[in-house]
Each structure stands twice: as structure tokens, then as C-alpha cells.
Amino acid sequence: MYDIASFKIKKDPVILGLESSCDETAAAVIRGRKLLSSEIISSATEQSKYGGVVPEIASRAHTEAVDEVVLRALKSANVTVNELDAVAVTYGAGLLGALLVGLSFAKSLAYSLNIPLVAVNHIRGHLAAAYLVDKNLKPPFVTLLASGGHTAILHTESYTEFSVLGGTCDDAAGEAFDKVARVLSLPYPGGVNVERLALGGENKIKLPQALVKNSDRMQFSYSGLKTAVINHCHNAEQKGEKFNPADVACSFQHAAVDPLVKKTVECAKKLGVSTVTAGGGVIANGYLRSALSEACKAANLKLVLPEKGFCTDNAAMIAAEGLIQYNACNFAQLNINAKAQIPLK
Ligand code: KG4
Ligand code: ZN
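The rules behind the values
- Residues numbered from 1 in each chain as written.
- Chains lettered and ligands numbered in written order.
- Predicted model: local features only at pLDDT ≥ 70, side-chain atom pairs only at ≥ 80, totals over all residues.
- Heavy atoms only, no water.
- Helix = DSSP H or I, 4+ residues; strand = E, 2+ residues; numbered from the N terminus.
- Buried < 20%, exposed > 50% of the residue type's maximum accessible area, 1.4 Å probe, protein only.
- Pairing = 2+ DSSP bridges.
- Axes fitted to C-alpha atoms, helices over the stretch in contact; angles between N-to-C directions.
- Contact = heavy atoms within 4.5 Å.
- Near = heavy atom within 4 Å.
- Polar contact = N/O pair within 3.5 Å; in protein donor to acceptor, adjacent residues only side chain to side chain.
- Areas by Shrake-Rupley, 256 points an atom, 1.4 Å probe, with all protein chains shown as cover.
- Nonpolar A, V, L, I, M, F, W, Y, C, P; charged D, E, K, R; others polar.
- Right-handed = clockwise from strand over helix to strand, strands pointing away.
- Phe/Tyr/Trp six-rings, centres within 6.5 Å; stacked < 30°, edge-to-face > 60°.
- Lys NZ or Arg CZ within 6 Å of the ring centre and 35° of its normal.
- Donors = N, O, S within 2.8 Å, 3.2 Å for Na, K, Ca; no water.
- Tetrahedral: all angles 85-135°; square planar, octahedral: opposite > 155°, others 65-115°.
- Parallel < 35°, antiparallel > 145°, perpendicular 65-115°, else oblique.
- Left-handed = near helix turned anticlockwise from the far one by under 90°.

1. Examining unusual backbone geometry
Turning to step 1, where the next piece is worked out: With omega at 5°, the peptide bond leading from P139 into P140 counts as cis.
Turning to step 2, where the next piece is worked out: Tracing the sequence through the fold places P140 in the loop between α4 (122-133) and β6 (141-146).
Turning to step 3, where the next piece is worked out: Here the residue pair Y188 and P189 is connected by a cis peptide bond, since its omega of -5° sits within 30 degrees of zero.
Turning to step 4, where the next piece is worked out: Take P189: it is sitting in the loop between α5 (173-183) and α6 (190-198).
Turning to step 5, where the next piece is worked out: Unlike most non-glycine residues, N114 shows phi in positive territory, near 55°.
Turning to step 6, where the next piece is worked out: Even without being a glycine, N300 presents a positive backbone phi close to 65°.
Turning to step 7, where the next piece is worked out: What makes N300 exposed here is its relative accessible area of 68%.

2. Let's talk about the sheet that holds strand β2 (residues 24-31)
Turning to step 1, where the next piece is worked out: Here we have five strands laid out as an open sheet, ordered β3-β2-β1-β4-β5, and mixed in their pairing. Single-partner strands in this sheet number two, and they are β3 (34-42) and β5 (117-121). The average undirected angle you get between the axes of adjacent strands in this sheet is 20°.
Turning to step 2, where the next piece is worked out: Pairing between strand β1 (residues 14-19) and strand β4 (residues 86-92): four bridges, direction parallel. Within β4, the residue paired with L18 across the bridge is V89.
Turning to step 3, where the next piece is worked out: Packed on one face of the sheet, helix α3 (residues 96-113) meets β1, β4 and β5 and runs near 155° to β4.

3. Some remarks on the site of ligand 1
Turning to step 1, where the next piece is worked out: Taken together, 20 residues surround ligand 1, and among them H126, G148, D178, E195 and G281 come closest.
Turning to step 2, where the next piece is worked out: One of the backbone N or O atoms of G174 is found 3.0 Å from an oxygen atom in ligand 1.
Turning to step 3, where the next piece is worked out: At 2.9 Å from an oxygen atom of ligand 1 is found a main-chain nitrogen or oxygen belonging to G281.
Turning to step 4, where the next piece is worked out: Relative to its free-state accessible area of 550 Å², ligand 1 is covered by the protein chains to the extent of 85%.
Turning to step 5, where the next piece is worked out: Elements that contribute at least two residues to the shell around ligand 1 include exactly α4, α5 and α6.
Turning to step 6, where the next piece is worked out: Here the element with the most residues in the shell around ligand 1 is α5; it accounts for four residues.
Turning to step 7, where the next piece is worked out: Of the residues assigned to the shell around ligand 1, the class counts are five nonpolar, 11 polar and four charged.

4. Some points on the pairing of β4
Turning to step 1, where the next piece is worked out: Among the seven residues in β4, seven count as buried, and that is most of the element.
Turning to step 2, where the next piece is worked out: As paired strands, β4 and β5 are joined by five bridges and run parallel to one another. From the neighbouring strand, T90 faces β5, where its bridge partner is V120.
Turning to step 3, where the next piece is worked out: For the segment spanning β4, α3 and β5, crossover handedness is right-handed.

5. Some points on the environment of G149
Turning to step 1, where the next piece is worked out: Mapped onto the fold, G149 is located in the loop between β6 and β7 (151-156).
Turning to step 2, where the next piece is worked out: With 119 residues separating them along the chain, G149 and A268 place their C-alpha atoms 23 Å apart.

6. Considerations on the pairing of β3
Turning to step 1, where the next piece is worked out: Summarising the sheet, β2 and β3 pair through eight bridges and their orientation is antiparallel. The partner of A26 across the bridge, within β3, is I40.
Turning to step 2, where the next piece is worked out: Counting the residues between successive antiparallel strands, the hairpin from β2 to β3 contains two residues, one of them, G32, with a positive phi of roughly 60°.

7. Some thoughts on the packing of aromatic side chains
Turning to step 1, where the next piece is worked out: A complete count under the given rule lists seven aromatic pairs for this structure.
Turning to step 2, where the next piece is worked out: Connected via pairs of aromatic rings, a cluster forms that spans Y2, F7, Y111, Y326 and F331.
Turning to step 3, where the next piece is worked out: When the ring centre of F162 is taken as reference, the NZ or CZ atom of K345 above it lies at 5.2 Å.

8. Some points on the coordination of the zinc ion (ligand 2)
Turning to step 1, where the next piece is worked out: The coordination sphere of the zinc ion (ligand 2) contains the protein donors H122 (NE2), H126 (NE2) and D313 (OD), at a distance range of 2.0 Å.
Turning to step 2, where the next piece is worked out: Around the zinc ion (ligand 2), the six donor atoms are arranged such that angles at the metal cover 54 to 169°; this shape is classified as irregular.
Turning to step 3, where the next piece is worked out: Mapped onto the sequence, the donors of the zinc ion (ligand 2) take the spacing H-x3-H-x186-D. Of this pair, H122 and H126 both sit in helix α4, four residues apart, roughly one helical turn. When sorted by exposure, H122 lands in the same class as H126, which is buried.

9. A look at the packing of α6 against helix α8 (residues 245-271)
Turning to step 1, where the next piece is worked out: Running from N to C, α6 and α8 cross one another at 115°; their axes reach a closest spacing of 7 Å. Put simply, α6 runs roughly perpendicular to α8. Judged by the sense of rotation from one axis to the other, the crossing of α6 with α8 is left-handed. Packed against α6, whose contacting residues are V194, E195, L197 and A198, the element α8 presents P245, A246, A249, C250, F252 and Q253 at the interface.
Turning to step 2, where the next piece is worked out: Its residues assigned to classes, the contact of α6 with α8 comprises eight nonpolar, one polar and one charged.

What follows is the structure, encoded as C-alpha cells:
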């Protein structure tokens, strides 16, 4: 019998993390807050033929990759399956068929080893990535979260609780990067290609900043910025004029990123919090990383920034959030289902 009430908490548990919410099949092993391994098998190259993620292709790719990626993670961590104390897995948000591959695998493993199954909210995983960077990091801190589905500034008050200080009222930052990539005919995945193109451009096109002015609450908005980029390109084409795509990419990047950086620092200062962290795919953006580092330095704030590969989807962050939930005895039953959507709060 699988009885979650019988599980005892261990100090520095060995946790296998599993992530399969989109096009990355990932597995990682941690011991306490020490990262032992992190492996990813991605179907992004196959997906790029279609200009985005095709859910059925993603699900099939996960099915083919999941055994292999777990074996690799255990091997590079030098850990045997019997040494695992818990399995942490993304149960949402994401593509249902894709999630189910990781979740079913994790359930079977937890059941066969009779160890806790920890169900992880993908977004909380992005937030937890910072705990592996700095072993001494502890709440409170302010986090800039920017991924393909979310853009928000959060106040992490304890290991398990956070409040939302502000967010986007329409598109997420990553979504805007992806849409602008399409307008500029750049291949999937969009964000990193916009960044590459921007390196050769200048911030000289006037675009609206991704911030709602005169709003009582702190709100970001990406749809106006995205439309301004589309209009700029189309107007030039209609007049038979050439536009410089690198300048468009660079100007967009500034308009998309600068308000996020500015507001994150302002929030930390206002709350009297001395540490800032960041997570989500957009945090892999080189311009954002240097702008945030400079702004935190100037404001005398400590910045805990996960390496680029731990900002985009990975399983180390899932294991890290798994550890938090494990320590809170938050174990899942084996009948837990995958969820396509989970609200941020
Ligand atoms: O966190 P993530 O890997 O997946 C989600 O949970 O959504 O974020 C993916 C998003 C995509 O929209 C992608 O274009 C964006 O992060 N992204 C970037 C960069 N790398 C990934 N955006 C800007 N610059 C990058 N280097
Ligand atoms: Zn993600």
C-alpha cells in the first residue's frame, strides 16, 4: 500500500526532478540544495520546422526520451535509483499530453520505490531555481519572473508563500519576444534569436515601453509594444522603405526589458528587501541580465541570478521546488492529475 502519511522527512534528501511540460524532457538530481546532475533532451529542433511547439510531437518526443534522460541524470549524479528519497515532477501548467508523460513516469517510480511523490507547479519551479545558486538564500526577497506564459514581480515572504506585486495585463514578455521573432521572420525558439539579432542593432526606434502609465497598480503590457513593432515593419514595407531588423530587435528588447528591471529594483527598495532573484526563460536574455545586474548593484541590492540554462525549462528547478514542498510534507497522492493551467496565485 502507498501511504503518504507514513513517509518521514529526511535531512538533505536525494530528489529526482522531472520536467515535461513543453518541449524539453528533463531530469535532475539534487542532494539537499546541492545540484548533482541536470540533463535535458529537447525536441526544439524538430518543433522549429513547424514554427512552434506541436503538442502531439512534444508528447511523443517525451515518451521516447523520458527513460533515457532519467538514466543519464542518475548516472551523472552517481546515484542509484534506490538512493532516491523522493520524486518531484511538474504536474502543470503546460501541455496536457506532455505533462502526463512525466507525471505517469514519476508516479510509477514513486510507487515502486515507495517514496514520496511531490507534485510541482512549473512556475514555482522557475522561482526555486535561485535556491540552487545560493545555498544560503532565504526569504524574503523580490523576484522578477518572466517566461513564455508569465510576467510578474513577486515578493517571496517564506519558502512556500509569495505575493504578486505586479504583472502583465495582456501578453507575457516571452510571448512578445516570440511574436516579434515571427514578425522579423526569425526561427523558433524566438526569444534567443531576437537577442542575437539585437546584438548588431541600436536602440533608436521609438517604441512604447511595456508599462501601463497612470495605473494605480503596477502593470506591464506587451500587446501595444508588439503592435508598434508590427506597424513599424509594415509601414516601412508599404512605403517601399527598408527597415533595419537588428535595430527593431534592439529597440524592442529595450522597451520590453527596461521597465521590468526598473520596477523590480523599485519594489525591493520600497519593501526594504535586500535581495533580488529572477527566473523564467526571458531571464536567459543577456541584455536583461546585465541591465538587472547593473541596476541591483547601483541600488545596493544582492542579485541571485540562475545561469541561463537554469532560467529556461529544466528539471533542477523542479527538484529545488520539490525540496521545498518535501520539507513542508506536501506529498501528492498517486491519483493526482496533470493540469493545463494553474493560476499564479
Ligand atoms: O520559462 P520558459 O523556458 O518556458 C515557459 O515556462 O514559458 O520560457 C520560454 C520563453 C519563450 O517565450 C522564449 O522566447 C523566452 O522564454 N526566451 C527568451 C530567451 N530565451 C528564452 N527571451 C528573450 N531572450 C532569450 N535569450
Ligand atoms: Zn518554464
